[in-house]
Amino acid sequence: GKKVDKALTSEQRRAMEQEEDRQRQAARQQEEIARRDRALVASYTSEREIDLSRQRSLATIEAVIESAQHYSDQLTRRKVEVEARRAGYRDKPMPVVLERDFEGIQAELAKQAELIRQKRAEWNATAARYDAERARWRELSGLDKPRAAASVTARTTSGCECPAIIGPQEPT
């Protein structure tokens, strides 16, 4: 005779669907890792190329930080001048233009501080990404034994490895 499967309970059906979804997701993740690995191997022919690309990327970010720091220094000098002029109006009403100038400088200083903070975070993320890519490239090229990606990421992101220009890091 014909074998008849018992009808699955809704609970069993749901569990099977969840397991199938999990397997499909795992397969998609494996495909994505394989795609990234192929792109990584195709993008660089040597570790030196990875290092040069890393240096170029970080130098671009450092230039933005340097520029913002220089602009902030100029703004701070202007703020000191405006504060000195404001102090001359102790007993008299302060001109609106002087108050607006001061507020504008304060706002711009805050914007530059935020830009610098964002660029420092970008510097750290970029350095960590290149360090992870370099380690993975070495694995794929047979230069290193494979290791858990998490250890590479943890090693490269723990503590700031920024050059002195980047300055101290605030926790994000």
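Residues numbered from 1 in each chain as written. Predicted model: local features only at pLDDT ≥ 70, side-chain atom pairs only at ≥ 80, totals over all residues. Heavy atoms only, no water.

Engineer: How do you make sense of the overall build of the protein chain when you look at a structure like this?
Structural biologist: A count of helical and extended segments in the protein chain gives 4 helices and 0 strands. Going from N to C terminus, the protein chain has its helices and strands arranged as α-α-α-α. Burial statistics for the protein chain: of 172 residues in total, 22% are counted as buried. Accessible surface, the protein chain as shown: approximately 12400 Å² in total, 53% of it carbon and sulfur. (Helix = DSSP H or I, 4+ residues; strand = E, 2+ residues; numbered from the N terminus. Buried < 20%, exposed > 50% of the residue type's maximum accessible area, 1.4 Å probe, protein only. Areas by Shrake-Rupley, 256 points an atom, 1.4 Å probe, with all protein chains shown as cover.)

Engineer: Quick question: what am I supposed to make of helix 3 (residues 96-140) here?
Structural biologist: For an α-helix, the turn length of 3.6 residues means that residues three or four places apart are oriented alike. The end-to-end C-alpha separation of helix 3 is 65 Å, in line with the 66 Å expected for 45 residues at 1.5 Å each. One or two positions beyond helix 3, positive phi appears at Gly142, with a value near 80°. (Expected span 1.5 Å × (residues − 1).)

Engineer: In this structure, what is going on with the confidence of the model for the protein chain? I would like to understand it.
Structural biologist: Caution is warranted with low-pLDDT regions, since their predicted coordinates should not be read in detail. Scored by pLDDT, the protein chain comes out at a mean of 85, with 81% of its residues at no less than 70. Of the regions scoring below 50 in pLDDT, residues 168-172 engages in 9 contacts with residues more than four places distant in sequence or in other chains. (pLDDT = per-residue confidence, 0-100. Contact = heavy atoms within 4.5 Å.)

Engineer: Sorry if this is basic, but what is going on with the packing of helix 1 (residues 10-43) against helix 3 here?
Structural biologist: The relative placement of two packed helices is expressed as an angle between their axes plus a distance between the axes. Look at helix 1 against helix 3: their axes get within 10 Å of each other, and the N-to-C directions meet at 90°. The angle between helix 1 and helix 3 places the two elements in the roughly perpendicular class. For the pair helix 1 and helix 3, the contacting residues are Asp37, Leu40 and Val41 in the first and Glu133, Arg136, Trp137 and Leu140 in the second. A class-by-class count of the residues in the contact of helix 1 with helix 3 yields 4 nonpolar, no polar and 3 charged. (Axes fitted to C-alpha atoms, helices over the stretch in contact; angles between N-to-C directions. Parallel < 35°, antiparallel > 145°, perpendicular 65-115°, else oblique. Nonpolar A, V, L, I, M, F, W, Y, C, P; charged D, E, K, R; others polar.)

Engineer: For this particular structure, what's the right way to read helix 2 (residues 47-87)?
Structural biologist: With 41 residues, helix 2 should reach 60 Å at 1.5 Å per residue; the first-to-last C-alpha distance of 59 Å fits that figure. For helix 2, the set of buried residues is Glu47, Ile50, Ser53, Arg54, Leu58, Ile61, Glu62, Ile65, Ala68, Ser72, Leu75 and Val82. As for helix 2, its buried residues are in contact with helix 3.

Engineer: Which parts of the structure should I look at to understand the pattern of salt bridges?
Structural biologist: Any two side chains of opposite charge can pair, on the condition that their charged atoms come close. Scanning the model with the defined rule gives 16 salt bridges in all. When the shortest N-O distance is used, the salt bridge between Arg35 and Glu32 registers 2.5 Å. Remark: Glu32 and Arg35 occur in helix 1; sequence separation between them is 3 residues, near one turn of the helix. By relative accessible area, Glu32 is classed as partly exposed at 31%. Here Arg117 ties to Glu114 by a salt bridge, and the two come within 2.8 Å at their closest N and O atoms. Taken together, the residues span about one helical turn, with Arg117 and Glu114 both in helix 3 at a distance of 3 residues. Where salt bridges share partners, they join Glu47, Asp51, Arg134 and Arg138 into one cluster. (Salt bridge = Lys/Arg side-chain N within 4 Å of Asp/Glu carboxyl O.)

Engineer: Can you walk me through the packing of aromatic side chains in this structure?
Structural biologist: The relative placement of two aromatic rings is captured by the distance of their centres and the angle of their planes. Taken as a whole and judged by the stated rule, the model has 0 aromatic pairs. It is Arg86 that lies over the ring of Phe102; its NZ or CZ is 3.9 Å from the centre. If you follow Lys92 out to its NZ or CZ, it ends over the ring of Tyr89, 5.9 Å from the centre. (Phe/Tyr/Trp six-rings, centres within 6.5 Å; stacked < 30°, edge-to-face > 60°. Lys NZ or Arg CZ within 6 Å of the ring centre and 35° of its normal.)

Engineer: I keep staring at the environment of Asp101 and nothing clicks. Help me out?
Structural biologist: Relative to the assigned elements, Asp101 resides in helix 3. Under the relative-accessibility criterion, Asp101 is labelled partly exposed at 25%. Each C-alpha atom of the pair Asp101 and Arg78 lies 9.5 Å from the other, and the pair is 23 residues apart in sequence. The contact partners of Asp101, leaving out residues within four places of it in the chain, are Arg78 and Val82.

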